[in-house]
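One-letter residues, chain by chain:
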Amino acid sequence: MTDTPENSDRLLKWGLGGALFAALCCFTPLLVVIVAGVGLSALTGWLDYALFPLLFFSLAVVAQALWLRAGKPGPAPKLWATGLAAALSILIILLEFRFAIRITIGVFAATALYAVLVNRAQKKGTLS
């Protein structure tokens, strides 16, 4: 896949869509109602084990897309964002979802801060 603006826009849309879907399904009973409606309510206890990692990896895709859109200032976030998403997924499962909302808000805030930094770097031409 080439690094064109269309691909970064596409990555951003898919990343934000995945994050929005995961957030809606984690923090509302939307997916529980849908899964129960089709007769698979036994799966509802396991949904968070898939949804939180989906949320974190979707935000990693958003970080990569923001970096591509900004003209690639600084080091690529692909490896560290993916590693961080995996570590947070493991941490949240090990902590048995006790601090899930706090960790998730922190990840959203970190992604927003990264977006601000990348946009500033794009305007300046370098990452400070």
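Residues numbered from 1 in each chain as written. Predicted model: local features only at pLDDT ≥ 70, side-chain atom pairs only at ≥ 80, totals over all residues. Heavy atoms only, no water.

If you look the protein chain up in an unreviewed UniProt entry, it shows as Membrane transport protein MerF from Roseovarius indicus.

Chemist: Help me get a handle on the packing of helix α3 (residues 47-69) against helix α5 (residues 100-124), residues and values and all.
Modeler: One can describe the packing of α3 onto α5 by two numbers: an axis separation of 9 Å at closest approach and a directional angle of 5 degrees. In terms of axis orientation, α3 runs roughly parallel to α5. Note on element contacts: α5 touches α3 through A100, I103, T104, V107, F108, T111, Y114, A115, V118 and Q122, opposite F52, L55, F56, L59, V62, A63, L66, W67 and R69. Here the contact of α3 with α5 is composed, by residue class, of 15 nonpolar, 3 polar and 1 charged. (Axes fitted to C-alpha atoms, helices over the stretch in contact; angles between N-to-C directions. Helix = DSSP H or I, 4+ residues; strand = E, 2+ residues; numbered from the N terminus. Parallel < 35°, antiparallel > 145°, perpendicular 65-115°, else oblique. Contact = heavy atoms within 4.5 Å. Nonpolar A, V, L, I, M, F, W, Y, C, P; charged D, E, K, R; others polar.)

Chemist: Please set out the environment of I92 residue by residue, giving values where relevant.
Modeler: With respect to the helices, strands and loops of the structure, I92 is situated in helix α4 (residues 78-94). You can call I92 buried: its relative accessible area is 1%. As for I92 and G106, which are separated by 14 residues in sequence, their C-alpha atoms are 13 Å apart. Those residues within four positions of I92 in sequence are excluded, and the remaining contacts are F52, F56, F97, A100 and I103. (Buried < 20%, exposed > 50% of the residue type's maximum accessible area, 1.4 Å probe, protein only.)

Chemist: So what's going on with the UniProt feature "transmembrane region" (unreviewed entry) in the protein chain? Which residues, and what values?
Modeler: The UniProt record annotates "transmembrane region" (unreviewed entry) at residues 20-43, 49-67, 79-95 and 101-118. Across residues 49-67, the secondary structure splits into 100% helix and 0% strand, with the terminal C-alpha atoms separated by 28 Å. (UniProt positions renumbered as here; feature names shortened; annotations may be inferred.)

Chemist: Residue-level account of α4, with values.
Modeler: Here α4 is 17 residues long and its end C-alpha atoms lie 24 Å apart, about the 24 Å a rise of 1.5 Å per residue gives. By the burial criterion, the buried members of α4 are A81, A85, L88, S89 and I92. Taken end-on, α4 shows its buried residues confined to a sector of 105 degrees, consistent with a single buried face. Across α4 from its buried face, at more than 90 degrees, point the exposed residues L79, I90 and L94. Where α4 is buried, its residues touch α3 and α5. (Expected span 1.5 Å × (residues − 1). Arc of directions from axis to C-beta.)

Chemist: Before we move on, could you go through the packing of aromatic side chains and cite the residues and values that matter?
Modeler: If you walk through the whole model with that rule in mind, you get 6 aromatic pairs. Plain terms: the ring middles of F27 and F52 are 6.1 Å apart, the flat faces sit at 75 degrees to each other, and that makes the pair edge-to-face. On the criterion of sequence distance, the pair formed by F27 in helix α1 (residues 5-27) and F52 in helix α3 is long-range, its members being 25 residues apart. We classify F52 as buried; its relative accessible area is 3%. A ring pair is formed by Y49 and F97, whose centres lie 5.1 Å apart and whose planes are at 80 degrees; its orientation type is edge-to-face. (Phe/Tyr/Trp six-rings, centres within 6.5 Å; stacked < 30°, edge-to-face > 60°.)

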